[in-house]
Amino acid sequence: MRNIVLVSLFLLFNIHTTVMASAPVWGKTGHRVTAQVAEKYLTPVARQKVKALLKGKSLALVSTFGDDIKSDDRFRKYSPWHYVNYPLNKEYEDQRPSDQGDIVQGIAKCVAVLEDPKASDADKEFFLKMLVHFIGDLHQPMHIGKAEDKGGNDIQVRWFSEGSNLHRVWDSNMIDEFQMSYTELSNNLPVLTPDMTNNISRGDYKDWMRETRQLTKEVYASARIGEKLGYRYMYDHFGEVRMQLLKGGIRLAAMLNDIFDPTSAK
Ligand code: ADE
Ligand code: ZN
Ligand code: ZN
């Protein structure tokens, strides 16, 4: 009997970790970096309102919430909100919007709740946490992917000596290989002039998605199925990862400033 219990526990644990390991997520570090950057660019008014809704929790802490709830059946319907797939030679607007929702519809819902004076604080907290997460995903090029390979999840490659796929290389393999904590990495992003920062924060999230899409095309062309990627791939692409993390943070702050401090200068 004791053995059966032990074996069952072992199996359960392994199935659990296998499912977690294969979950398609912009890794925790990436989300936290973007959130940490955003914190720096909030206006004092927006910062105070965000802090109140999150009951003192940091943006970095709540940035992984969108992934943490994925295995909970009650939140299953939000899984398709982390990404959108469509053909590389098409625009998002050319597609019929998915009935399941996608990252564009997800972000729109978050903004609508946060701007609704009648929404409860509990709903606002939930959709604020989701927004922090989705603006990170919006800057991971493989979250604006092609349907037939699930945004690169089905493109198997080797990462150094381990099995991986092109989606995961961009979610977490490169960031983990860099071996900086999220605070270290957020303090070691590209240095921008105020003009560059202003330019990055211009536009809306659909413009930002269109920009990410240009990188998506480059990523699809960057590796062949089964290819072994490592130092050379890091050298060629980690600069782009750092820039995407920084852009995500600046733009998340721009959205939160718009929502919570609309009179602040753009
Ligand atoms: N599942 C299917 N397509 C996906 C994508 N582009 N990103 C993350 N998960 C997905
Ligand atoms: Zn992902
Ligand atoms: Zn996600």
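Residues numbered from 1 in each chain as written. Chains lettered and ligands numbered in written order. Predicted model: local features only at pLDDT ≥ 70, side-chain atom pairs only at ≥ 80, totals over all residues. Heavy atoms only, no water.

Some details on the packing of aromatic side chains
Then comes step 1: Inspection of every chain in the model, using the stated rule, returns 13 aromatic pairs.
Then comes step 2: With centroids separated by 6.5 Å and ring planes inclined at 85°, the aromatic side chains of Trp170 and Tyr233 adopt a geometry described as edge-to-face. On the criterion of sequence distance, the pair formed by Trp170 in helix H8 (residues 166-178) and Tyr233 in helix H12 (residues 231-260) is long-range, its members being 63 residues apart. Both residues of the pair, Trp170 and Tyr233, belong to the buried class.
Then comes step 3: Put simply, the rings of Phe65, Phe75, Tyr78, Trp81, Phe126, Phe127 and Phe134 touch in pairs and so form one group of aromatic residues.
Then comes step 4: Stacked on the ring of Phe65, the Lys or Arg Lys129 has its end atom at 4.1 Å from the ring centre.
Then comes step 5: In this structure, Lys146 packs its charged tip against the face of Tyr220, placed 4.6 Å from the ring centre. (Phe/Tyr/Trp six-rings, centres within 6.5 Å; stacked < 30°, edge-to-face > 60°. Helix = DSSP H or I, 4+ residues; strand = E, 2+ residues; numbered from the N terminus. Buried < 20%, exposed > 50% of the residue type's maximum accessible area, 1.4 Å probe, protein only. Lys NZ or Arg CZ within 6 Å of the ring centre and 35° of its normal.)

A look at the coordination of the zinc ion (ligand 3)
Then comes step 1: Surrounding the zinc ion (ligand 3) are the protein donor atoms His82 (ND1), His133 (NE2) and Asp137 (OD), at 2.1 to 2.2 Å.
Then comes step 2: A spacing of 5.9 Å is found between the zinc ion (ligand 3) and the zinc ion (ligand 2). Highlighted residues: His133 and Asp137, both in helix H7 (residues 121-138), separated by four residues, approximately one helical turn.
Then comes step 3: Among the residues examined, His133 registers a relative accessible area of 0% and is labelled buried. (Donors = N, O, S within 2.8 Å, 3.2 Å for Na, K, Ca; no water.)

Things to note about H7
Then comes step 1: The terminal C-alpha atoms of H7 lie 25 Å apart, and with 18 residues this matches the ideal 26 Å at 1.5 Å per residue to within 8%.
Then comes step 2: Along H7, 15 of the 18 residues are buried, which leaves the element largely enclosed by surrounding structure. (Expected span 1.5 Å × (residues − 1).)

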